[in-house]
Amino acid sequence: MATELESPSTRGVIMSSSSPPSKLLRVLVCGGGNAAHVFAGSLAARGHLPTLLTTYPKEAEAIRKGCEANAGMEIRGWTTRGASVQTIRGKPAAIVGSFEEAFCLAPRSTRRVRYDLVVLAVPAPFHDAYLVKLAPYLRQSAEADANRASQFMDAPVRLPTILAAAVAQGGFDMAARAALADAGVENEVVVAGFETLPWACRVARPGAVAEVLGTKDQVDAAVAVFPGASRNLEAYAEPALQTLQMAVGPVPAVRLASGFLGITLSNINAFWHPTLMWHKWRDWDGTPVEGPPPLLYETAPDDLACDLMSAEIAAVVAAIRSRYPRGALADDMSSARSVRAWFLDSYGPDPALDKTSTATMMRTNPAYRGLTHPMRPANGSPDERTTVSRTSGETEPSERKKASLLVPDFSHRYVAEDVGFGLVVMRGVAELAGVPTPTIDAVIVWAQKQAGLSFLVEREIDKPGGELSHPAADEPGSPGAEPRAAPEPLPRLICAGADLTKTRCPQRFGWFDLRWFMQSNGYARAEEADDERGCQRT
């Protein structure tokens, strides 16, 4: 029996590839945390049909009960352009604890829900688990769309289901492509991701009340197509962007990013958090410190390494651009701004900001005031952390525990997420481009040691009697090897550690050649990359 798919938002409506989507969206919001609450509650309040899915049945039940008791999800601090802050309330179409419940209209039914948008509002380390489960259902939706198009060939093209990350930490598109490919998806799915969350938010009462503490003025979003050529991207980008705008509401304004590679190379949390911890704790001898937790941003040193790291990524961008003729890059990486440019764009108008340097901006930014390093009791378990803000994962000033003795919490997301899904991804792209990143390497090597992980390892050929580690590790002096102007002070490190599966760097997915990496992910349009001698490959 054929699988039928329905979506109230598109039933009886044909989506033109050049026109905005219908005004009613059916959205699957994945997650049970802060952003998931705001997405689900605000969408319902504005008349859309969101379903909230968390893979923890007990959490789903708690959210469902909270929503029922409050007659809906209350979103406080909601902002609309030109209007005062208000409170809105909406009840999701469903709150479920399994993928089967989310996609099946009835038990054992062959009828499936077709979602216009699927939003992953969960931390990056949990993306894979959701993607693997979502992919088979998205395959069914894509197949149904293709069958419909073949039956009504004169009808305008319907926008495919959009698979989006609420925060597209480095490499989200690569993980999505891998999951869709493994599930045998052959028809089109739009892959999208926000550079950062639209709001600073937190849950006050699960299922009942969420608070928007601040709304950004604008956010960038990357859009790609799986599988597809650049012409498909050009057809779908604008209506996909309009759908994302409808999902977040009137503000912030959603802008089209240069692409996923540009977002990957501009992960501000990856530049900020691990680096500040590295500065503070790299010479720490293990002795517990007196509470309260030390301040994170307000003690940023004058020799802050973030600018050096940003310059290293700028060199990566320049190296990649130099290998492609004009017009060959689908993603020109213009979204990969320097950390200083990002800071000025985000907080520049604030009169309290000392713009002398990145460090002075950190120390004087009112938005960062009082935020602290992640700490835990010296004699406690890693789960016994200081109270952490549900908004950003940083300790709130009013909630700082004055524990007598504390130690840094290296299991915190500043390492687990911002290194593995941030710095390591950027470092992997740099490795493909043949650009050294000594400052980024230093932070990664320190962080992986503290967390007991292995991302960067010494290249085997640099060891006495060693052999090549993998195809990208060319032996010095061999054809195709990178020339060395001078001996390197440290053994060459490569992305080949045992814990690379806990990252989203290109090497995890088997890419060891820049040209193949660029073309496979749609960052480059054609096989026109120049080789190291400046000769164009055809």
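Placed above this text is the structure.
What comes next concerns the included structure. Owing to the predicted nature of the structure, the values given are computational and were not obtained by experimental measurement. (Residues numbered from 1 in each chain as written. Predicted model: local features only at pLDDT ≥ 70, side-chain atom pairs only at ≥ 80, totals over all residues. Heavy atoms only, no water.)

A few words now on the sheet that holds strand β16 (residues 375-377). Strand order across the open sheet formed by three strands is β15-β17-β16, with antiparallel pairing between neighbours. Looking at the sheet topology across the chains shown, the edges are occupied by β15 (289-290) and β16. Looking at chain direction, β15 and strand β17 (residues 405-408) are connected through two bridges and run antiparallel. Bridged to Val289 within β17 is Leu406. (Pairing = 2+ DSSP bridges. Helix = DSSP H or I, 4+ residues; strand = E, 2+ residues; numbered from the N terminus.)

Two numbers describe how helix α9 (residues 306-322) lies on helix α14 (residues 438-451): the axes approach to 8 Å, and their chain directions differ by 120°. As judged from the angle between their axes, α9 and α14 are oblique. Between α9 and α14, the contacting residues are Leu308, Met309, Glu312 and Ile313 on the first element and Pro438, Thr439, Ile440 and Val443 on the second. Across the contact of α9 with α14, the residue classes tally to six nonpolar, one polar and one charged. (Axes fitted to C-alpha atoms, helices over the stretch in contact; angles between N-to-C directions. Parallel < 35°, antiparallel > 145°, perpendicular 65-115°, else oblique. Contact = heavy atoms within 4.5 Å. Nonpolar A, V, L, I, M, F, W, Y, C, P; charged D, E, K, R; others polar.)

In this section: the sheet that holds strand β9 (residues 162-165). Spatial ordering of the open sheet is given by β6-β3-β2-β8-β9-β10-β13-β14, a layout of eight strands whose pairing is mixed. Taken across any chain shown, the strands that pair with only one partner, and hence form the sheet edges, are β6 (94-96) and β14 (253-256). Across this sheet, the average inter-strand angle for adjacent strands is 25°, counted without regard to direction. Against the sheet, helix α4 (residues 127-151) engages β2 (26-30), β3 (49-53), β8 (117-120), β9 and β10 (189-194), with an angle of about 175° to β8. Strands in contact with helix α5 (residues 172-182) are β8, β9, β10 and β13 (218-226); relative to β10, the strand with the most contacts, it is inclined by about 155°.

With that out of the way, let us pick up the packing of aromatic side chains. Under the definition given, this model contains 20 aromatic pairs. A ring pair is formed by Phe99 and Tyr130, whose centres lie 5.8 Å apart and whose planes are at 65°; its orientation type is edge-to-face. One end of the pair, Phe99, is in helix α3 (residues 99-103); the other, Tyr130, is in helix α4, with 31 residues separating them in the sequence. There is no split in this pair, since Phe99 and Tyr130 are both buried. For the pair Tyr297 and Tyr368, a centre-to-centre distance of 3.9 Å together with 20° between the ring planes defines the contact as stacked. Placement of the pair is Tyr297 in the loop between β15 and α9 and Tyr368 in the loop between α11 (358-364) and β16, with a sequence separation of 71 residues. For Tyr297, a relative accessible area of 2% gives the class buried. (Phe/Tyr/Trp six-rings, centres within 6.5 Å; stacked < 30°, edge-to-face > 60°. Buried < 20%, exposed > 50% of the residue type's maximum accessible area, 1.4 Å probe, protein only.)

As a further point, take the packing of α4 against α5. One can describe the packing of α4 onto α5 by two numbers: an axis separation of 8 Å at closest approach and a directional angle of 45°. In terms of orientation, α4 lies oblique with respect to α5. The two elements α4 and α5 cross, and the hand of that crossing is right-handed. Residues His127, Asp128, Leu131, Val132, Ala135 and Leu138 of α4 form the contact with α5, whose own contacting residues are Phe172, Ala175, Ala176, Ala179 and Leu180. Broken down by class, the residue content of the contact of α4 with α5 amounts to nine nonpolar, one polar and one charged. (Left-handed = near helix turned anticlockwise from the far one by under 90°.)

With that settled, the discussion passes to the environment of Asp354. Along the polypeptide, Asp354 turns up in the loop between α10 (339-347) and α11. For Asp354, a relative accessible area of 31% puts it in the partly exposed group. Separated by 10 residues in the primary sequence, Asp354 and Thr364 have C-alpha atoms spaced 6.1 Å apart. Setting aside residues no more than four positions away along its own chain, Asp354 makes contact with Thr360, Met361 and Thr364.

This brings us to the pattern of salt bridges. Within the structure shown, the criterion is met by 17 salt bridges. Residue Glu211 pairs with Arg202 through a salt bridge whose shortest N-O separation is 3.0 Å. Residue Arg202 is classed as partly exposed on the basis of its relative accessible area, which comes to 26%. As a salt-bridge pair, Asp345 and Arg337 come within 2.9 Å of each other at their nearest N and O atoms. Since its relative accessible area comes to 51%, Asp345 is described here as exposed. When salt bridges with common partners are traced through the structure, they connect Glu74, Arg76 and Arg89 into a single cluster. (Salt bridge = Lys/Arg side-chain N within 4 Å of Asp/Glu carboxyl O.)

The terminal C-alpha atoms of α4, which comprises 25 residues, lie 35 Å apart, in line with the 36 Å expected from a rise of 1.5 Å per residue. At Ala135, α4 is bent by approximately 35°, the largest bend along its length, and proline Pro136 sits one to four residues beyond. Three or more residues of α4 are buried, namely His127, Tyr130, Leu131, Leu134, Ala135, Tyr137, Leu138, Gln140, Ser141, Ala142 and Asp145. (Expected span 1.5 Å × (residues − 1). Bend = angle between axes of the 7 residues up to and from the residue.)

Moving on to the nonpolar core. Leu134 and Trp272 are the most contacted members of the largest nonpolar core, which has 104 residues in total. Examining the composition of this core, we find that nine residues originate from one element, helix α13 (residues 419-433), more than from any other. Dropping the residues within four chain positions of it, Trp272 is found in contact with Tyr297, Cys306, Val339, Trp342, Phe343, Thr358, Met362 and Tyr368. Core analysis: the second largest hydrophobic core is formed by 43 residues, Ile63, Ala221, Leu241 and Val254 among them. (Core = buried A, V, L, I, M, F, W, Y, C linked by side-chain atoms within 4.5 Å.)

This part takes up the pairing of strand β11 (residues 199-205). Looking at chain direction, β11 and strand β12 (residues 209-215) are connected through six bridges and run antiparallel. Following the sheet pairing, Cys201 is matched in β12 by Val212. In textbook terms, the turn of a hairpin is the stretch between consecutive antiparallel strands, and for β11 and β12 this stretch comprises three residues, one of which, Gly207, has a positive phi near 80°.

Without other data, these values stay purely geometric and don't point to any function.
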